[in-house]
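One-letter residues, chain by chain:
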Amino acid sequence: MGEELQSDVEQSAEPTEVALVEAVLVPPRGLVPTILVLMVAISIAAVMRPNPQSQPPEADLSLMFWTEGTEELLQARDRAAKGLKPSEAAQDIADKFALWLAQEATVGIDQLALNTQARKKLASLEEQVRDYALRHGPSALHTQAKLWARSLRLHVQTGLRSGSFEALNRAAPGLLERLRAAGLLRWKRSVTLMPAVSMVIEALAESRYLQLANRVPTPRPELSSRLRRTLDRFQVEAHSGLTLQRKLQLTERLSQMDPAWPSVYVTAVLLARSGKFKAAISWFDRSADTNEYAARSRHNARWCRAQLRLNRRRR
C-alpha cells in the first residue's frame, strides 16, 4: 500500500500533457485587452512619427561641374606664361588701369559714368590699348591681358599665405572685395587655391582687362571658350552673390553654349537650394527621364517630396 501511495504521489506531481497545454493557452485575466490597446497605440505612433530610416537621406545639392578640366588648363597657361614679362608699354597700361580701378572702387562705376572728366580718362586709356593692339597685334594684347590676370592670381595666393593683400590691392583695387563677395576665397585647401578657383580669378581679371579693348578693330581678343565656360559655370553653380533669377538666366544661355553641361539637373538643384521644392521635383524628374544623373535626380526628388510633406505638417 505504501508503494501504491508513493506511486500516486509521483504521478500527481508530474504534470500531464493536457495540463501543460492548458497552462499556456489560457491567458491571464486582462491580457488580451491590454495587447489590443498596445497594438493600437503602436499603430498610431507609427503614423504620427514615421521611422526616421524610412525618410530619404539628406539631398546632394552640390554642383562641381565648374571645376572640370581646370587643373590641366591652369598648367597649360602657366607653361605658356613661363619666361614672359609685361612689356614697358603694357606695364604703363596696367599702372593707369590700377588708378582707374581705384576710382571705381571708391567713387563707383555709375558715378564715374556721369563724370565727364572720368569718361575722358577712360577713353584715353582705351585709345592707348587700341594703339598697342594696332602696333603689336591683338594676339600680343591678349598675351598682356593673360599676364596681368596671372599676376593678380599670384597676388591672391601670396596674400592667403602671408595674410596681407597689399600687393593685390595696389595692382587691382576692389578686386579682393569682388572675390570675397563671390565666395571664391572659401574654395581653398589650407592656404592654397584650388585650380578651379585660380582659373576663375584669372578669367575675371582677364575679362575685365579685355573690356579696355572695345576700341580695338575686330577681331578683338576675348576669353577662350574653356575659360569662359569655367567662369560661367562658376557663376551659376557656386557664386554667392547672384540671385536665383540671374543664375537661371545664365543657365539658359550656358545650356546653348555648352551642350555637355547638365543644365536640367543644375536647374533642379538651384530650385531645391532656394526652397522651391515643387518646381525642383519637376526638373529632377525631367533630369532622371533623360538619364541626366538619373540616380541622384531621383534621390533628390524624393528628398524634395519629403520637404513638402514636412512643410505641410508645420502649417
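Residues numbered from 1 in each chain as written. Predicted model: local features only at pLDDT ≥ 70, side-chain atom pairs only at ≥ 80, totals over all residues. Heavy atoms only, no water.

Colleague: When you look at the nonpolar core in this model, what are you seeing that I'm missing?
Modeller: As a rule of thumb, nonpolar side chains are buried together in soluble globular proteins. F97, L141, W148, V156, L179 and L184 are the most contacted members of the largest nonpolar core, which totals 51 residues. When contributions to this core are tallied by element, the ones reaching two or more residues are α4 (70-81), α5 (88-106), α7 (116-136), α8 (138-162), α10 (175-182), α11 (195-210) and α12 (225-237). The element contributing the most residues to this core is α11, with 10 residues. Discounting residues that sit within four places of it in the chain, W148 has contacts with A94, F97, L101, A171, A172, A205 and Y209. Counting 22 residues, the second largest nonpolar core, distinct from the first, contains Y265, V269, W303 and C304. (Core = buried A, V, L, I, M, F, W, Y, C linked by side-chain atoms within 4.5 Å. Buried < 20%, exposed > 50% of the residue type's maximum accessible area, 1.4 Å probe, protein only. Helix = DSSP H or I, 4+ residues; strand = E, 2+ residues; numbered from the N terminus. Contact = heavy atoms within 4.5 Å.)

Colleague: Got a minute to help me understand the packing of aromatic side chains in this structure?
Modeller: Geometrically, a pair of aromatic rings is defined through the distance of the ring centres and the angle of the planes. According to the stated counting rule, one finds 9 aromatic pairs in the structure shown. Their ring planes at 40° and their centres at 5.2 Å tell us that F97 and W148 sit as a pair that is tilted. Remark: W148 occurs in helix α8 and F97 occurs in helix α5; sequence separation between them is 51 residues. With relative accessibility at 9%, the residue W148 sits in the buried group. Through pairs of rings, three or more aromatic residues link up here, namely F65, Y265, F284 and Y293. Sitting over the ring of W283, R286 keeps its end group 4.2 Å from the ring centre. (Phe/Tyr/Trp six-rings, centres within 6.5 Å; stacked < 30°, edge-to-face > 60°. Lys NZ or Arg CZ within 6 Å of the ring centre and 35° of its normal.)

Colleague: I'm lost on the pattern of salt bridges in this one. Help?
Modeller: Think of it this way: side chains of opposite charge can pair up when their charged atoms draw near. For the coordinates displayed, the defined rule picks out 17 salt bridges. In this structure, R228 engages D232 in a salt bridge whose closest nitrogen and oxygen atoms are separated by 3.4 Å. Of this pair, R228 and D232 are both found in helix α12, 4 residues apart, which corresponds to roughly one turn of the helix. The class for D232 is buried, based on a relative accessible area of 3%. Overlapping salt bridges bring together R77, D78, R150, R153, E202 and E206 as one network. (Salt bridge = Lys/Arg side-chain N within 4 Å of Asp/Glu carboxyl O.)

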